[in-house]
Amino acid sequence: AQSVAQPEDQVNVAEGNPLTVKCTYSVSGNPYLFWYVQYPNRGLQFLLKYITGDNLVKGSYGFEAEFNKSQTSFHLKKPSALVSDSALYFCAVRDMRTSGTYKYIFGTGTRLKVLA
Amino acid sequence: GAGVSQTPSNKVTEKGKYVELRCDPISGHTALYWYRQSLGQGPEFLIYFQGTGAADDSGLPNDRFFAVRPEGSVSTLKIQRTERGDSAVYLCASSLKGTAKNTGELFFGEGSRLTVL
């Protein structure tokens, strides 16, 4: 079965510093990977996705993610963190079934706290 | 344009009662998903609709949970004989197409917070 793991429950970073939120995956076949962000009392919002092509994917709000096949990782990054980036971040993988249908499997989430 | 709408935003009920949660997806989105999110956890898959039919209901925890989407648009998640362990935020998401070739992202509603006393 497909799965993703987010090893850190919380990441703290000072405003203006680079940030990394980690995600590793376990899939059979080619991985379709996603990052979502959740602000307090809000639904999840799509940030970016990796399907194929360049290993560095750029997304919303200045975020990017690096796909690393050999390390089975898809870490979320941003060169300079903002206090407003503080939120809950989820990594997800698409789980394709033999029937052709699919669902998305989410990690447990990483709380990012950017300190002023 | 309107996003995914979920009602009610909050529902408090007593153990043993019946609950319905409604999801109105983005117009034209044929794929609709229900997830459950408990405190401190990631979204847990419940059921996925492609059009009117449930393409995958493997995440429904037991037969107290049921979902319908009779006209391929609005969906209702139904929970019978609620238990305290059902307390969670129930998230609905829609996507443009649920086919293998589509790699589109999910658009989430803000969720329905269910509290079972």
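Okay, so let's go over this structure. (Residues numbered from 1 in each chain as written. Chains lettered and ligands numbered in written order. Predicted model: local features only at pLDDT ≥ 70, side-chain atom pairs only at ≥ 80, totals over all residues. Heavy atoms only, no water.)

The next thing to look at is the overall build of chain A. Tallying secondary structure elements over chain A gives zero helices and 12 strands in all. Ordered by position from N to C terminus, the α and β elements of chain A give β-β-β-β-β-β-β-β-β-β-β-β. Against the globule reference of 13 Å for 116 residues, chain A gives a C-alpha radius of gyration of 14 Å, in line with a compact fold. Relative to its full complement of 116 residues, chain A shows a buried share of 46%. If you take every contact in chain A between residues at least 6 apart in sequence, the share linking residues at least 24 apart comes to 54%. (Helix = DSSP H or I, 4+ residues; strand = E, 2+ residues; numbered from the N terminus. Rg over C-alpha atoms; globule rule 2.2 N^0.38 Å. Buried < 20%, exposed > 50% of the residue type's maximum accessible area, 1.4 Å probe, protein only. Contact = heavy atoms within 4.5 Å.)

Another point: the interface of chain A and chain B. Across the boundary between the two partners, chain A contributes 23 residues, which contact 26 residues of chain B. The contact between chain A and chain B buries some 1900 Å² in all, and 51% of this surface belongs to carbon and sulfur atoms. Seen at the junction of chain A and chain B, the total is two salt bridges. Glutamate 105 of chain B is the salt-bridge partner of lysine 49 of chain A, the closest N and O atoms lying 3.9 Å from each other. Applying the counting rule to chain A against chain B returns five residue pairs in polar contact (both at pLDDT 80 or more). Among the secondary structure elements, those contributing two or more residues to the side of chain A that touches chain B are β5 (33-38), β6 (44-50), β10 (87-96) and β11 (102-106) of chain A. Residue contributions to the side of chain A that touches chain B peak at four residues, all from β11 of chain A. (Buried area = accessible area lost by both parts, 1.4 Å probe. Salt bridge = Lys/Arg side-chain N within 4 Å of Asp/Glu carboxyl O. Polar contact = N/O pair within 3.5 Å; in protein donor to acceptor, adjacent residues only side chain to side chain.)

Turning our eyes to something else, we now look at the sheet that holds strand β7 (residues 65-68) of chain B. Residues and elements named next belong to chain B. An order of β1-β3-β8-β7 is seen for the four strands of this open sheet, with the pairing classed as antiparallel. Because the sheet does not close on itself, it has two edges, and the strands there are β1 (5-7) and β7. Between one strand and the next, the sheet's axes are offset by a mean angle of 15°, whatever the strand orientation. Here three bridges tie β1 to strand β3 (residues 19-24), and the two strands are oriented antiparallel to one another. Across the sheet, residue glutamine 6 finds its bridge partner in β3, namely cysteine 23. (Pairing = 2+ DSSP bridges. Axes fitted to C-alpha atoms, helices over the stretch in contact; angles between N-to-C directions.)

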